[in-house]
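What follows is each chain in one-letter form.
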Amino acid sequence: MKWTFPLLCSLGSICGVVCSSQTPLVTTEYPDFSFSEEWQVLGPFQIGTREAIWGADPLEALGGFRSLEHDDQATFRSSLASNGTVRWSTTSARLSESETGLAIAELSVSFPQIDWNALKHVYGWAAFQWQGWARGQIHLLSAKTLALHVEHILELWIDGEQYFGGDFYGYGRSALTLHLLPGEHRIDLRLVRDVRAMGGVEEPKLDLLLKLEESSGWLSPVLADESDEDSGILISDLVGDKNGPLASPYASATLRNDASHDIFINGVEATHNQCEAELLQSPLKLMPGQTRPVALKVACIPPAVELGPIMLTFSYLVEGISEVQYLTLFGLPQERGFYEPQKFTYLHPSGIVSYAVLRPPSSRSQCKELGPGNVSLPILLQLHGAGLEADSRQVRHSLDEVPDLCAWVLFPTGVTSWSGDDWHTWGFADVEAAIAAITEWIEQVGWSGPGVDTGRWLVSGHSNGGQGAWYALTHRPDKLMAAAPVSGYSSIQNYVLYTFWRTMDPGRDAVIQASLNSYRHELLLENAKGIPVLQQHGSEDDNVPPYHSRLLSEMLEQAGVATEYHEMPGKPHWWDGVMTTKPLQDFYHRVLDAPLKSSSLAQDNEFVVVSTGQGDMSPKNGVSIPSTRIPGQLAKVHVKHDPQTKGCSLSTSNVVALHLSENFDHCDALHIDGQQLGESPSSSTKGLSLLRKQGVWQVAHRSQLPARQASQQGGINAILKSKGPFYITYLSAQAKKTALQLSRNLCQYFAADTVITDDYNQSLDARTSNLVTVAIGGDLTDILDGADFPIKAFDDHLQILDHRIHSYDARRGLSMAFVRPLPNGRLDLVLWAIDEESLAIAARLAPLMTGTGQPDFVVADRSMLWKGLEGTLALGFFDDDWNVSRNSYFS
């Protein structure tokens with residue numbers, strides 16, 4: 001038997017309903033659960049930019065906020081307050097509820113007694129960041145399964161149980177599933193105000209949104225608010241009109257298991273006699289509380305939406321229940337003209353379905369001949385700012401004033417509205433996947449216009465997208481024709497300074513800063529030489545101050561980069577037409593209408609290649625640096641070409657290996673660091689791999705290069721380079737809760753898919769995926785025993801080997817996070833602790849938000865929770881042969 005219910009959907013929205021053969025949920029009354037109106041608040045306390053990942057909560061030295069009871073007379077030390085102390089206070093939440101089974105609490109927390117302006121006058125925006133705690137209640141009249149959404153919260157405790165990760169950016173993608181009994185349930189919220197996410201203008205208050213949603217207790221869809229253009233079903237637009245094809249067959253639904261047992265999704269059916277659908281992976285397992293993006297393919301007979309929205313029905317089994325259950329969702333593709341900006345979907349390297357907005361070349365454009373035999377047009381990449389969807393009106397129509405450009409215009413999403421990690425490892429992989437998918441779009445819709453040259457990009461972007469343009473300019477120089485960063489910040493470290501981090505040994509800080517080198521665009525500008533750059537910034541920008549563009553304009557000139565800078569008088573951060581001002585329009589046309597030319601030594605007789613050594617740099621003029629001597633330190637190659645003798649001279653710094661690709665120009669003689677390479681290098685300068693051993697350069701086969709591959713470089717964040725869903729393995733029952741938390745956070749912050757298992761061999765068999773292994777005590781003994789790796793973990797201690805053995809015996813909170821190599825360029829992120837309680841400390845260090853700076857390995861104890869980085873016992877890097885680097889830190 002299959003339950004069905006009437007469901008009304010407005011045009012342009014996507015609706016969903018749970019249909020279960022066991023327990024249909026039809027809510028017609030106001031909920032019998034709610035939040036408390038009065039909340040107890042304690043704070044504010046000092047916190048640095050993105051420091052909360054490292055703990056740094058002064059109340060943890062007192063046993064944690066959860067151990068404290070409200071006391072009007074109690075005082076607590078705080079560097080932010082008059083007389084150096086703060087007290088408890090209270091605030092009232094704005095409560096609301098609806099007939100759809102939803103209870104909402106909105107809290108606005110501020111501390112007007114603090115002289116914020118005085119602090120800001122001295123310390124800038126960093127002083128507008130603070131942390132604190134708020135305590136309230138959840139009231140229930142009957143036992144319920146509830147989904148809890150916590151917007152702008154990173155960490156919370158419910159009835160004394162910790163939940164780390166929350167929903168700091170308000171994505172609403174991965175709620176907490178709660179099975180609660182009747183009565184009062186205490187909820188403690190850690191408040192962290194972050195200027196990058198919440199602004200640095202006006203009073204530094206923190207606005208929170210809590211939502212409790214009644215669940216069926218089975219498989220639940222993740223549906224966005226009605227006002228949000230993004231929703232639970234991701235599906236392509238229709239191209240041409242209602243009779244046109246979908247721009248891409250890929251689609252996705254984000255689903256959550258609210259049952260108390262595992263759920264197995266076995267299949268999907270589309271609208272009968274109209275569409276077909278199939279899962280890309282089946283069966284799909286969701287453990288209790290897990291959220292997964294479910295990837296599928298959809299094909300429809302035109303007109304696809306003549307009878308209304310496309311209906312997708314998922315069939316699934318709940319463990320222990322033999323009867324098949326059903327979940328039905330509806331998606332309504334939008335009709336877009338052939339030459340309009342249109343949403344199309346594709347597979348991210350991790351296997352999830354992502355999307356971008358594509359504007360094909362206009363039929364009205366009169367493009368000049370771009371070179372002999374050229375029939376393909378380049379790509380104009382337009383990167384959006386933080387908090388915006390690529391399919392939003394603001395982004396989609398930002399280039400309407402230049403409709404006839406000689407280019408394919410692509411608006412990538414970067415997977416999330418914050419592009420996952422600020423257009424870096426995860427977000428930029430999405431950009432490159434979108435670029436590659438244009439050829440699939442051409443075939444899907446039967447395009448007969450100009451082709452696409454996926455190797456030539458003009459990159460522009462606004463705000464965080466402007467910063468993304470700096471990343472592309474400095475990390476993909478061989479792809480770029482030109483770059484136009486608009487109102488972009490120079491680096492995350494320079495945007496909101498790290499001034500207010502807790503005091504730490506400079507040696508520890510040096511490791512963190514080195515881990516963030518890929519975000520320091522100021523250090524990498526030499527890679528931009530030979531690439532035209534136009535900068536634009538509003539003179540009255542109070543979001544990203546124009547100082548950032550002024551600074552980079554000066555530094556570009558010093559690096560020998562051809563650049564022009566336009567500061568728009570009286571303009572703020574954003575205004576209508578910001579991406580199509582006259583300077584930008586002229587720049588777009590000048591770059592895109594120019595005859596095709598290649599970047600080579602013929603044009604650049606002298607240039608510098610700079611690498612962070614984090615495996616995220618493409619070549620410049622065919623020269624790349626796959627391996628460095630000291631990780632965390634920049635590597636450089638200075639290349640000179642003599643056009644008369646056709647000789648090439650290379651001088652290196654911190655370089656172990658070099659690669660000269662097929663794009664590298666032919667050299668009749670090749671000198672490296674004063675050494676002539678080989679007897680007759682003139683026959684083989686292209687495609688060479690070079691290795692320095694004992695101070696001597698020699699030609700090397702790929703097999704002779706250092707063991708660590710580019711896909712394994714880049715600290716703990718390197719696991720985001722996974723070529724499939726993340727496999728999270730818990731090696732004991734006590735680690736299962738942490739595995740679920742990690743899955744939830746990867747889904748929330750990166751929209752990533754995860755497979756949770758207790759079978760390590762199953763994870764190893766996933767030949768392209770990166771792993772996360774969660775272990776307690778001696779769980780790792782069998783895995784690491786006999787392995788040629790410098791870290792060993794035992795029941796009661798751990799060891800790190802470099803030139804001596806660093807041993808850390810059992811102590812309160814002893815924990816560790818580190819990456820280790822797997823075959824095929826894969827990685828295993830190992831999170832280990834001495835006991836179950838301490839595992840939460842290691843779990844904080846898994847990728848979450850940008851700017852936190854986790855290196856290759858970290859050892860800490862419980863003191864990290866209040867000391868922050870100073871509470872770490874060891875942290876640092878592995879070199880490219882997986883030995884502990886000499887610039888690592890040991891206390």
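A quick note: this is a predicted structure, and the numbers were derived from the prediction, not measured.

Rules used in this analysis
Residues numbered from 1 in each chain as written. Predicted model: local features only at pLDDT ≥ 70, side-chain atom pairs only at ≥ 80, totals over all residues. Heavy atoms only, no water. Helix = DSSP H or I, 4+ residues; strand = E, 2+ residues; numbered from the N terminus. Rg over C-alpha atoms; globule rule 2.2 N^0.38 Å. Buried < 20%, exposed > 50% of the residue type's maximum accessible area, 1.4 Å probe, protein only. Contact = heavy atoms within 4.5 Å. Areas by Shrake-Rupley, 256 points an atom, 1.4 Å probe, with all protein chains shown as cover. Polar contact = N/O pair within 3.5 Å; in protein donor to acceptor, adjacent residues only side chain to side chain. Pairing = 2+ DSSP bridges. Axes fitted to C-alpha atoms, helices over the stretch in contact; angles between N-to-C directions. Disulfide = S-S within 2.5 Å. Domains from an automatic or database assignment. Core = buried A, V, L, I, M, F, W, Y, C linked by side-chain atoms within 4.5 Å. Phe/Tyr/Trp six-rings, centres within 6.5 Å; stacked < 30°, edge-to-face > 60°. Lys NZ or Arg CZ within 6 Å of the ring centre and 35° of its normal. UniProt positions renumbered as here; feature names shortened; annotations may be inferred. Expected span 1.5 Å × (residues − 1). Bend = angle between axes of the 7 residues up to and from the residue. pLDDT = per-residue confidence, 0-100. Salt bridge = Lys/Arg side-chain N within 4 Å of Asp/Glu carboxyl O.

Visitor: Quick question: what am I supposed to make of the overall build of the chain here?
Guide: Per the secondary structure count, the chain includes 15 helices and 54 strands. Against the compact-globule benchmark of 29 Å for 891 residues, the chain has a radius of gyration of 28 Å, which places it among compact chains. For the C-alpha atoms alone, the extent of the chain along its principal axes is close to 85 × 70 × 60 Å. The proportion of buried residues among the 891 residues of the chain is 61%. Within the chain, contacts between residues at least 6 apart in sequence are counted, and of these 71% link residues at least 24 apart. For the chain, the accessible surface area stands at approximately 33,600 Å², while carbon and sulfur atoms represent 47% of it.

Visitor: Looking at this structure, how should I read the side chain of arginine 476?
Guide: As for its position among the elements, arginine 476 is in the loop between α6 (464–475) and β32 (480–486). What makes arginine 476 buried here is its relative accessible area of 11%. At a separation of 2.8 Å, a polar atom in the side chain of arginine 476 contacts the side chain of glutamate 432.

Visitor: Please explain the sheet that holds strand β36 (residues 623–628) as it appears in this structure.
Guide: Backbone hydrogen bonds hold the strands of a sheet together, and the pairing may be parallel or antiparallel. Strand order in the open sheet formed by four strands is β36-β39-β42-β43, and the pairing between neighbours is antiparallel. Each end of this open sheet is capped by a strand with a single partner; those strands are β36 and β43 (696–699). Averaged over all neighbouring strand pairs, the angle between strand axes comes to 25°, with direction disregarded. As judged from the four bridges shared by strand β42 (residues 688–693) and β43, these two strands associate in the antiparallel manner. Paired with arginine 692 across the two strands is tryptophan 697, which belongs to β43.

Visitor: Would you take a moment to explain the state of the cysteines for this structure?
Guide: Disulfide: a covalent bond connecting the sulfur atoms of a pair of cysteines. Under the counting rule described, the total for this entry stands at two disulfides. There is a disulfide in this structure between cysteine 275 and cysteine 300, and the S-S distance comes to 2.0 Å. Taking the torsion about the sulfur-sulfur bond, which here is approximately 105°, the covalent link between cysteine 275 and cysteine 300 counts as right-handed. Of this pair, cysteine 275 sits in strand β21 (residues 275–279) while cysteine 300 sits in strand β23 (residues 291–300); the two residues are 25 residues apart in sequence, bridging distant segments of the chain. Judged by its relative accessible area of 9%, cysteine 275 falls in the buried class. Put simply, cysteine 648 and cysteine 667 are joined by a disulfide, and their sulfur atoms are 1.8 Å apart. Handedness here is read from the sign of the S-S torsion; for cysteine 648 and cysteine 667, about -65°, the answer is left-handed. Here cysteine 667 lies in the loop between β39 (655–660) and β40 (669–672) and cysteine 648 lies in strand β38 (residues 647–653), a separation of 19 residues in the sequence. A relative accessible area of 2% places cysteine 648 in the buried class. The class for cysteine 667 is buried, based on a relative accessible area of 0%.

Visitor: Got a minute to help me understand the domain arrangement of the chain in this structure?
Guide: Interface size is commonly expressed as the accessible surface area that is lost when the partners come together. Split by domain assignment, the chain resolves into domain 1 (33–215), domain 2 (601–704) and domain 3 (710–890). The C-alpha-based centres of domain 1 and domain 2 are spaced at 53 Å.

Visitor: Can you walk me through the nonpolar core in this structure?
Guide: Proteins that are soluble and globular tend to have nonpolar side chains buried together. Counting 155 residues, the largest nonpolar core has Leu148, Leu156 and Ile800 as the members making the most contacts within it. Mapped onto the domain boundaries, this core takes at least three residues apiece from domain 1 (33–215) and domain 3 (710–890). In contact with leucine 156, other than residues within four places in its own chain, are Leu148, Val150, Glu161, Gln162, Tyr163, Leu176, Ile187, Asp188 and Leu189. Ile379, Ala434, Ala437 and Ile442 belong to the second-largest nonpolar core, a separate cluster that totals 42 residues.

Visitor: Looking at this model, I keep getting lost on the packing of aromatic side chains. Mind explaining?
Guide: The way to describe two aromatic rings as a pair is by their centre distance and the angle between their planes. Under the criterion given, the structure shown has 31 aromatic pairs. Measuring from ring centre to ring centre gives 5.8 Å for tryptophan 426 and phenylalanine 750, while their planes differ by 70°; the resulting arrangement is edge-to-face. A residue pair is termed long-range when its members are at least 10 positions apart, and tryptophan 426 in helix α5 (residues 425–445) and phenylalanine 750 in helix α11 (residues 736–750) qualify at 324 residues. An identical accessibility class is assigned to tryptophan 426 and phenylalanine 750; each is buried. The side chain of lysine 343 reaches across the aromatic face of tyrosine 355, ending 5.0 Å from its centre.

Visitor: Quick question: what am I supposed to make of the UniProt feature "domain: Peptidase S9 prolyl oligopeptidase catalytic" (unreviewed entry) in the chain here?
Guide: If you check UniProt for "domain: Peptidase S9 prolyl oligopeptidase catalytic" (unreviewed entry), the listed places come out as residues 421–576 in our numbering. Overall, residues 421–576 shows 39% helix and 20% strand. The separation of its end C-alpha atoms is 27 Å.

Visitor: So what exactly am I meant to see when it comes to α5 here?
Guide: End to end, α5 covers 30 Å across 21 residues, agreeing with the expected 30 Å (1.5 Å per residue, within 8%). Along its length, α5 reaches its greatest deviation from straightness, about 30°, at isoleucine 438. Where α5 terminates, the next one or two residues include glycine 446, which has phi positive at roughly 70°.

Visitor: Can you walk me through the environment of valine 858 in this structure?
Guide: For valine 858, the position within the fold is in strand β52 (residues 857–860). The spacing of valine 858 and tryptophan 457 is 401 residues in sequence and 38 Å in space, taken between C-alpha atoms. In contact with valine 858, not counting residues within four places along its chain, are Trp54, Ser815, Met816, Ala817, Leu845, Thr872, Ala874 and Leu875.

Visitor: Just checking my understanding: could you explain the pairing of strand β53 (residues 872–876) for this structure?
Guide: Within a regular strand, the side chains alternate between the two sheet faces. By the criterion of burial, β53 is predominantly enclosed, with five of the five residues buried. Pairing of β52 with β53 involves four bridges; the strand directions are antiparallel. The partner of valine 858 across the bridge, within β53, is leucine 875. Here β53 runs beside strand β54 (residues 889–890); their pairing, made up of two bridges, is antiparallel. Directly across from alanine 874, in β54, lies its bridge partner phenylalanine 890.

Visitor: Where do I start with unusual backbone geometry in this structure?
Guide: Note on backbone geometry: most residues besides glycine have negative phi, and most peptide bonds are trans. Here the bond from serine 282 into proline 283 is cis, since omega is -5°, no more than 30 degrees from zero. At the junction of proline 302 and proline 303, the peptide bond is cis and its omega measures out at -5° in the coordinates. Along the chain, the position of proline 303 falls in the loop between β23 and β24 (310–318). The backbone of valine 415 sits at a positive phi, close to 80°, despite the residue not being glycine. If you trace the backbone, valine 415 turns up in the loop between β30 (408–412) and α4 (419–422).

Visitor: Help me understand the pairing of β36, please; the structure alone is not making it clear to me.
Guide: The buried fraction of β36 amounts to five of the six residues, a majority that puts the element mostly inside the structure. As defined by bridge partners, β36 adjoins β39 across four bridges and the pair is classed as antiparallel. Pairing of threonine 628 across the sheet is with valine 655, part of β39.

Visitor: I'm lost on the confidence of the model for the chain in this one. Help?
Guide: A low pLDDT means the predicted coordinates there should not be read in detail. Per-chain confidence: the chain averages 91 in pLDDT, with 93% of residues scoring 70 or above. Across residues 1–27, confidence stays below pLDDT 50; counting only partners more than four residues off in sequence or on other chains, it has 64 contacts. Of the regions scoring below 50 in pLDDT, residues 226–230 engages in five contacts with residues more than four places distant in sequence or in other chains.

Visitor: Any chance you could explain the pattern of salt bridges here in plain terms?
Guide: Two side chains bearing opposite charge may form a pair once their charged atoms approach each other closely. Tallied over the full model, the rule gives 30 salt bridges. Between arginine 862 and glutamate 60 there is a salt bridge; the shortest N-O distance is 2.8 Å. Note that arginine 862 is positioned in the loop between β52 and α15 (864–867) and glutamate 60 in the loop between β3 (38–46) and β4 (76–77), a separation of 802 residues in sequence. The two residues arginine 862 and glutamate 60 agree in class, both being buried. For arginine 692, the salt bridge goes to aspartate 673, with nearest N and O atoms at 3.1 Å. Here aspartate 673 lies in the loop between β40 and β41 (675–676) and arginine 692 lies in strand β42, a separation of 19 residues in the sequence. You can call arginine 692 partly exposed: its relative accessible area is 33%.

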